[in-house]
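Chain by chain, the residues run as shown.
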Amino acid sequence: MATFKAPKGTYDLIPPVSVKYLAVREAISAPLRNSGYGYIETPGFEDVGLFARGVGESTDIVSKEMYAFETKGGDQLALRPEGTASVLRAALEASLHKQGNLPVKLWYSGSYYRYERPQKGRYRHFSQVGAEAIGAEDPALDAELIILADQAYRSLGLRDFRILLNSLGDKECRPVYREALQGFLRGLDLDEETVRRAEINPLRVLDDKRPDVQKQLVGAPVLRDYLCDACKAYHEEVRALITAAGVAFEDDEKLVRGLDYYTRTTFEFVHDGLGSQSAVGGGGRYDGLSEMIGGPALPSVGWALGVDRTVLALEAEGVELDIPASTSVFAVALGEEARRVLFGKVTELRKAGVAADFSFGGKGLKGAMKDANRSGARFAVVAGERDLAEGLVQLKDMESGEQSAVALAELIDTVKARLA
Ligand code: AMP
């Protein structure tokens, strides 16, 4: 038995399932790569202050879930719990916003870390693909991102997801609403922690899942009634553009999300087959974040889609991704001389762009053919000393079971022709 196991709240991606994760990352990023988003990669850890200031001290992510540590050199770092703050930090550091090409559109894919209570769909190490459009206040940009996420999910074959949409207002109207909400919350019978939350971040109380809290929230002031004219007009434009693109959404005035930096447009993608961890992705506009981390005013919008939960959503819907077998040809060599010759042919096939694998480990015919089967290869190439003496190999079609002798010198061309 192995001595070590994956740490609590983590799991390994191993074949054959791991290929689904690659396919999901590929499918989510494809629409972005196709729409002017450039790839960015940032470190797995940052100064802890970036997240404290960016994501917000009062959020669960920062106050409870961050892997923060001091290095031997005395730096205070944290494993990244999300992507937006890091991407914006990197864009500012490289002055990407000063090159006269706003918005700067970036996409990323990576691992994120939160010390959460693990359960299905909620892990301490998880994976996201995200997109950020930095430095432009334009409802078409908000709409673009929502449409691209919708396209990504649909290209995977997902159907049972919904898009929830809300506006959180801006620095003009949100404070007025905040005060009105706080006034309302002060009149309720809430536990100590919730009372404290109501003072620091009252909007997040609306997000409280407990039925007794939700019951008391009936009649709470709604943000929609407080939106200033500019925010209202902006939101209407976003809604109109998404609608025109044929993307269905639901207005959800309770949607506030767990990060402090959001302004105006916020959205979440939920999947109905996932139980309590139903959010497969989310995002929104964060017009104030750049200034919060010491940059200039850079109104921006972005999203992050969870890869783990997208895979769970595919399973919940019974979607089988159409992933071609990774190996096309599997070579089975019997005897030393055959090994040498076929190993050379495998190398040639690979160079010619044909996915090929080889029976390693000196197995007999039976065991090697089992490996050929398991590889999913369309063809097995089998050769022993006698075949080779005649300059031949046996080419077996693994689908039909048919086998024919092919001249060694013509193997590459024959295989390529029959695969085409
Ligand atoms: P958030 O940054 O919290 O809005 O998360 C964006 C997306 O990342 C969510 O919709 C999930 O799909 C995914 N996600 C967030 N936290 C976790 C987690 N602990 N485990 C798995 N996926 C997560």
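These figures come from a predicted structure and were not determined experimentally. (Residues numbered from 1 in each chain as written. Predicted model: local features only at pLDDT ≥ 70, side-chain atom pairs only at ≥ 80, totals over all residues. Heavy atoms only, no water.)

**Q** Explain the pairing of strand S5 (residues 104–113) to me, and be specific about the residues and the numbers.
**A** The element S5 is extensively covered by neighbouring structure, given that seven of its 10 residues are classed as buried. Relative to strand S6 (residues 125–134), S5 runs antiparallel, the two being bridged by 10 bridges. What sits directly across from glycine 110, in S6, is glutamine 128. (Buried < 20%, exposed > 50% of the residue type's maximum accessible area, 1.4 Å probe, protein only. Helix = DSSP H or I, 4+ residues; strand = E, 2+ residues; numbered from the N terminus. Pairing = 2+ DSSP bridges.)

**Q** Residues and numbers for the site of the ligand, please.
**A** Residues in contact with the ligand amount to 14 residues; listed here are only the nearest, Arg114, Glu116, Tyr123, Gln128 and Arg257. In the environment of the ligand, an oxygen atom lies 2.8 Å from a nitrogen or oxygen atom belonging to the side chain of glutamine 128. Backbone polar atom of glycine 281 to an oxygen atom of the ligand: 3.0 Å apart, as the coordinates give it. Protein contacts shield 92% of the accessible area of the ligand, which totals 480 Å² for the unbound molecule. The set of elements that each furnish at least two residues to the shell around the ligand consists of S6, strand S10 (279–285) and strand S11 (300–306). For the shell around the ligand, the leading source of residues is S10, giving three residues. Considered class by class, the residues forming the shell around the ligand number five nonpolar, four polar and five charged. (Near = heavy atom within 4 Å. Polar contact = N/O pair within 3.5 Å; in protein donor to acceptor, adjacent residues only side chain to side chain. Areas by Shrake-Rupley, 256 points an atom, 1.4 Å probe, with all protein chains shown as cover. Nonpolar A, V, L, I, M, F, W, Y, C, P; charged D, E, K, R; others polar.)

**Q** Lay out the sheet that holds strand S4 (residues 76–79) in plain terms, naming residues and giving numbers.
**A** Strand pairing in a sheet relies on backbone hydrogen bonds, with the paired strands running either antiparallel or parallel. With antiparallel pairing, the three strands of this open sheet are ordered in space as S2-S4-S3. Lying at the two open borders of the sheet, with one neighbouring strand each, are strand S2 (45–47) and strand S3 (68–70). Adjacent strand axes in the sheet meet at a mean angle of 35 degrees when their direction is disregarded. Sheet topology note: the S2/S4 ladder contains three bridges and is antiparallel. (Axes fitted to C-alpha atoms, helices over the stretch in contact; angles between N-to-C directions.)

**Q** Outline the pattern of salt bridges, listing residues and values.
**A** What the rule picks out here adds up to 33 salt bridges. Note that aspartate 142 and arginine 285 form a salt bridge whose closest N and O atoms lie 2.9 Å from each other. Here the residue aspartate 142 occupies a position in helix H5 (residues 139–156), and arginine 285 occupies one in strand S10, the gap between them amounting to 143 residues. Comparing aspartate 142 with arginine 285 shows no difference in burial state: the two are buried. Note that aspartate 150 is salt-bridged to arginine 154, the shortest N-O span being 3.3 Å. Residue aspartate 150 and its partner arginine 154 are both found in helix H5; the two are separated by four residues, about one turn of the helix. Aspartate 150 sits in the buried class, given a relative accessible area of 8%. For arginine 154, a relative accessible area of 36% corresponds to the partly exposed category. (Salt bridge = Lys/Arg side-chain N within 4 Å of Asp/Glu carboxyl O.)

**Q** Account for helix H15 (residues 411–419), naming residues and giving values.
**A** Each α-helix winds once per 3.6 residues, and so residues spaced three or four apart point in a common direction. Leu411, Ile412 and Val415 are the residues of H15 that are buried. When H15 is viewed along its axis, its buried side chains cluster within an angular range of 95 degrees and face the same direction. Among the exposed residues of H15, those oriented more than 90 degrees off its buried face are Asp413 and Ala417. Looking at the buried positions of H15, the neighbouring elements they touch are strand S12 (329–333), helix H12 (336–351), strand S14 (379–383), strand S15 (392–397) and strand S16 (403–407). (Arc of directions from axis to C-beta. Contact = heavy atoms within 4.5 Å.)

**Q** Tell me about the side chain of glutamine 182, and name the residues and values.
**A** Along the chain, glutamine 182 turns up in helix H6 (residues 174–186). Among the polar contacts made by the side chain of glutamine 182, one reaches the main-chain carbonyl oxygen of glutamate 199 at a distance of 3.0 Å. Ignoring any residue separated from it by four or fewer positions in sequence, one finds glutamine 182 in contact with Ala198, Glu199 and Pro202.

**Q** Break down the domain arrangement of the chain for me, citing the residues and quoting the values.
**A** Segmenting the chain into domains produces domain 1 (17–173 + 227–316) and domain 2 (329–419). A separation of 48 Å is found between the C-alpha centroids of domain 1 and domain 2. (Domains from an automatic or database assignment.)

**Q** Describe the pairing of S16, naming the residues involved and giving the relevant values.
**A** Of the strand pairs in this sheet, S15 and S16 are connected by five bridges, and their pairing is antiparallel. Paired with leucine 392 across the bridge in S16 is alanine 407. Remark: five residues form the turn of the hairpin made by S15 and S16, two consecutive strands paired antiparallel; glycine 401 in that turn has positive phi of roughly 85 degrees.

**Q** I'd like a description of helix H1 (residues 18–33), backed by residues and values.
**A** Given a rise of 1.5 Å per residue, 16 residues ought to cover 22 Å, and the 22 Å separating the end C-alpha atoms of H1 matches this to within 8%. When we look at burial in H1, the residues that qualify are Ser18, Lys20, Tyr21, Val24, Ala27, Ile28, Ser29, Pro31 and Leu32. Here the buried face of H1 lies against S5, S6, H5, S11 and helix H11 (307–316). (Expected span 1.5 Å × (residues − 1).)

**Q** Provide a residue-level description of the nonpolar core, including the pertinent values.
**A** By size, the foremost hydrophobic cluster in this structure holds 47 residues, and its most contacted members are Phe51, Leu88, Leu106, Ile134, Leu181, Leu185 and Leu203. When residues of this core are traced back to their parent elements, those giving at least two are helix H2 (48–54), helix H3 (60–63), helix H4 (84–93), S5, S6 and H6. For this core, the leading source of residues is H4, giving six residues. In this structure, leucine 88 is in contact with Ile134, Tyr286, Leu289, Ser290 and Ile293, ignoring residues within four places of it in sequence. Counting 44 residues, the second-largest nonpolar core is a separate cluster that includes Leu145, Ala149, Phe269 and Val280. (Core = buried A, V, L, I, M, F, W, Y, C linked by side-chain atoms within 4.5 Å.)

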